[in-house]
There are 2 protein chains.
Amino acid sequence: VPRYKLTIEYDGTGFVGWQRQANGLSIQEALETALQRFCGEALTVFGAGRTDAGVHALAQVAHVDLAREADPETIRSAVNHHLRPHAISVLSAEPAPPGFDARLSARMRHYRYRILNRRAPSALERGLVWHVAPPLDAAAMAEGARHLIGHHDFTTFRDSLCQAKSPVKTLDALEVSRSGEEIQIEARARSFLHHQVRNMAGTLKLVGLGHWRPEDVARALLARDRRAGGPTAPAQGLTLVAVGYERPSLY
Amino acid sequence: VPRYKLTIEYDGTGFVGWQRQANGLSIQEALETALQRFCGEALTVFGAGRTDAGVHALAQVAHVDLAREADPETIRSAVNHHLRPHAISVLSAEPAPPGFDARLSARMRHYRYRILNRRAPSALERGLVWHVAPPLDAAAMAEGARHLIGHHDFTTFRDSLCQAKSPVKTLDALEVSRSGEEIQIEARARSFLHHQVRNMAGTLKLVGLGHWRPEDVARALLARDRRAGGPTAPAQGLTLVAVGYERPSLY
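Each value, and the rule that gives it
- Residues numbered from 1 in each chain as written.
- Chains lettered and ligands numbered in written order.
- Predicted model: local features only at pLDDT ≥ 70, side-chain atom pairs only at ≥ 80, totals over all residues.
- Heavy atoms only, no water.
- Contact = heavy atoms within 4.5 Å.
- Buried area = accessible area lost by both parts, 1.4 Å probe.
- Salt bridge = Lys/Arg side-chain N within 4 Å of Asp/Glu carboxyl O.
- Polar contact = N/O pair within 3.5 Å; in protein donor to acceptor, adjacent residues only side chain to side chain.
- Axes fitted to C-alpha atoms, helices over the stretch in contact; angles between N-to-C directions.
- Helix = DSSP H or I, 4+ residues; strand = E, 2+ residues; numbered from the N terminus.
- Parallel < 35°, antiparallel > 145°, perpendicular 65-115°, else oblique.
- Left-handed = near helix turned anticlockwise from the far one by under 90°.
- Nonpolar A, V, L, I, M, F, W, Y, C, P; charged D, E, K, R; others polar.
- Buried < 20%, exposed > 50% of the residue type's maximum accessible area, 1.4 Å probe, protein only.
- Pairing = 2+ DSSP bridges.
- Arc of directions from axis to C-beta.

Trainee: What's the story with the interface of chain A and chain B in this structure? I'm lost.
Mentor: How big an interface is tends to be reported as the loss of accessible area on association of its parts. Across the contact, 26 residues belong to chain A and 26 residues belong to chain B. Counting each side, the surface lost to burial between chain A and chain B is near 1,800 Å², with a carbon and sulfur contribution of 54%. Among the residues chain A hides against chain B, the three largest losses belong to Glu9, Ala123 and Leu124 of chain A. Together they make up 33% of the total. Where chain A meets chain B, there are four salt bridges. The salt bridge involving Glu73 of chain A is made with Arg119 of chain B; its shortest N-O contact spans 2.9 Å. Seen at the junction of chain A and chain B, the total is 14 residue pairs in polar contact (both at pLDDT 80 or more).

Trainee: Even after reading the chapter, I still don't get the packing of helix H3 (residues 138-146) of chain B against helix H4 (residues 196-209) of chain B, so can you show me in this structure?
Mentor: The description of two packed helices rests on the angle between their axes and on the distance between the axes. All names here are of chain B. Interaxial distance between H3 and H4 falls to 8 Å at its minimum, and their mutual angle equals 135°. On the basis of the axis angle, H3 is oblique to H4. For the element pair H3 and H4, the recorded crossing hand is right-handed. Packed against H3, whose contacting residues are Ala140, Met141, Gly144 and Ala145, the element H4 presents Leu204, Lys205, Val207 and Gly208 at the interface. Split by residue class, the contact of H3 with H4 holds five nonpolar, two polar and one charged.

Trainee: Sorry if this is basic, but what is going on with the pairing of strand E9 (residues 182-189) of chain B here?
Mentor: As a general feature of sheets, a regular strand has side chains that alternate between the two faces. Residue and element names in this part refer to chain B. Taken across its eight residues, E9 has six buried, putting it largely inside the fold. Sheet topology note: the strand E5 (residues 106-116)/E9 ladder contains eight bridges and is antiparallel. Across the sheet, Ile115 pairs through a bridge with Ile183, a residue of E9. Here strand E8 (residues 168-179) pairs with E9 via eight bridges, running antiparallel. Following the sheet pairing, Ser179 is matched in E9 by Glu182. Hairpin connection of E8 to E9: two residues between the antiparallel strands, including Gly180 at a positive phi of 65°.

Trainee: Help me understand helix H5 (residues 214-223) of chain A, please; the structure alone is not making it clear to me.
Mentor: Note on helix geometry: an α-helix contains 3.6 residues per turn, so any two residues three or four positions apart are oriented the same way. All names here are of chain A. Within H5, burial applies to Pro214, Asp216, Val217, Ala220 and Leu221. The buried residues of H5 occupy an angular sector of 145° when projected down its axis, which confines them to one face. Each element contacted by the buried residues of H5 is listed here: helix H3 (138-146), strand E7 (150-153) and helix H4 (196-209). Immediately beyond the C-terminal end of H5, within one or two residues, lies Arg224, with a positive phi of roughly 50°.

Trainee: What am I meant to see in unusual backbone geometry here?
Mentor: Among all residues except glycine, the phi angle is most often negative; among peptide bonds, the trans geometry is most common. Following Arg84 of chain A, the chain continues into Pro85 of chain A via a peptide bond in cis, with omega recorded as 5°. Along the chain, Pro85 of chain A turns up in the loop between helix H2 (72-83) and strand E4 (88-95). Here His195 of chain A, not a glycine, exhibits a phi torsion of approximately 70°, which is positive. With respect to the helices and strands, His195 of chain A occurs in the loop between strand E9 (182-189) and H4. For His195 of chain A, a relative accessible area of 18% corresponds to the buried category. At Arg224 of chain B, a position not held by glycine, the phi torsion is positive, near 50°. Topologically, Arg224 of chain B is positioned in the loop between helix H5 (214-223) and strand E10 (238-245).

Function cannot be inferred from these measures alone, as they are strictly geometric.
Take a look at the structure:
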């Protein structure tokens, strides 16, 4: 059975998230419907990151098994044709290397959380940023973020619905920077707990506002208690930027 | 009568353009309605650039006369409140200097035309870019653009509905650059003819595709005939970036 690797961009606004659900249209279902229109058979698409409702992707990675081989460029353009008018775009389709599984083979997930930090709400990027009106101290947020990098029990930043077996994860990077009116939080790890990036972003906002000191983030982490962390930042500011695999030359 | 200068961001998608029209909602009408809800009186908003349907603004400038003085920050936040759920945001409101007229006092208008140049259509910036799939040669486009800079009769790039008295304008800048998959055309002039930027962008695309040589742009300009120019690029790629005034310290 020929397996294909798909790289997908989407605007998560209005979708129930990546994963198929009964209560609305998911990215996965929209993709599966478009692929089915192309190849005439029911199939399942497996994604690397199960993004929440309203979360976006610049380069989600997924795999799908087709009944027959097809030209990758034809898959890409045909699926994009059938995806209209949804805000989902297949950037590339390529034959997957042997044993490739978009989720299980993934070694790195890179998420970006965007905060628009100015008085006026956004008009051109509504739905793509979290609007925070009071001035945020990005340097303090960056200092707070450094306490979270490394191998830790992230229970404080884990949603109660999280299905991961263990709350222990290795956070490879959590960088906060300001560019004009926008603050970006870049988070990289092999995998994340449910709502982990949004819970870290909501906590760092408290540091940015001056309600917390940077070292309070370390205290919250050590508490291993969700109630010790800040609130969950809204979904719309979050984007899955990239997924990395072990052998970039092959994958 | 106290006059205020407003700086406004908007996503032009779904609007009939800046100017009030019978056939749909304009940015101007949405702003006037919101201002009227704030101050209780009918009023008119005058904008610096009459953007077409689907054209966006990062910083449109407008002026409005209110019956009574009001705190600028209160105007800004109240109008934004009444503008919901429209994709229009007042970035700032400030008392206008004596004699200020958003349109007549303007000395520079800066527009950006964005082209997404890749095979796959955009998901995250649909409505904000022109999707052109075949590879474009940005360097050739930049060379073609240089033929248009300066004081010229721009009849070739003027829409038949243009109401300007003269087709002669001074184009101060027309810069083409590529950043990854995106090509940006930056155009600056004291004022533009109707559809001028979009007609120049549609012509430069022909150069980028290799259908025209860069020097063919000069030939088209000299023809002073709209039929000698390229097609009109779609509205959605165009954004009014900034409006400049004579005395930046005052205005």
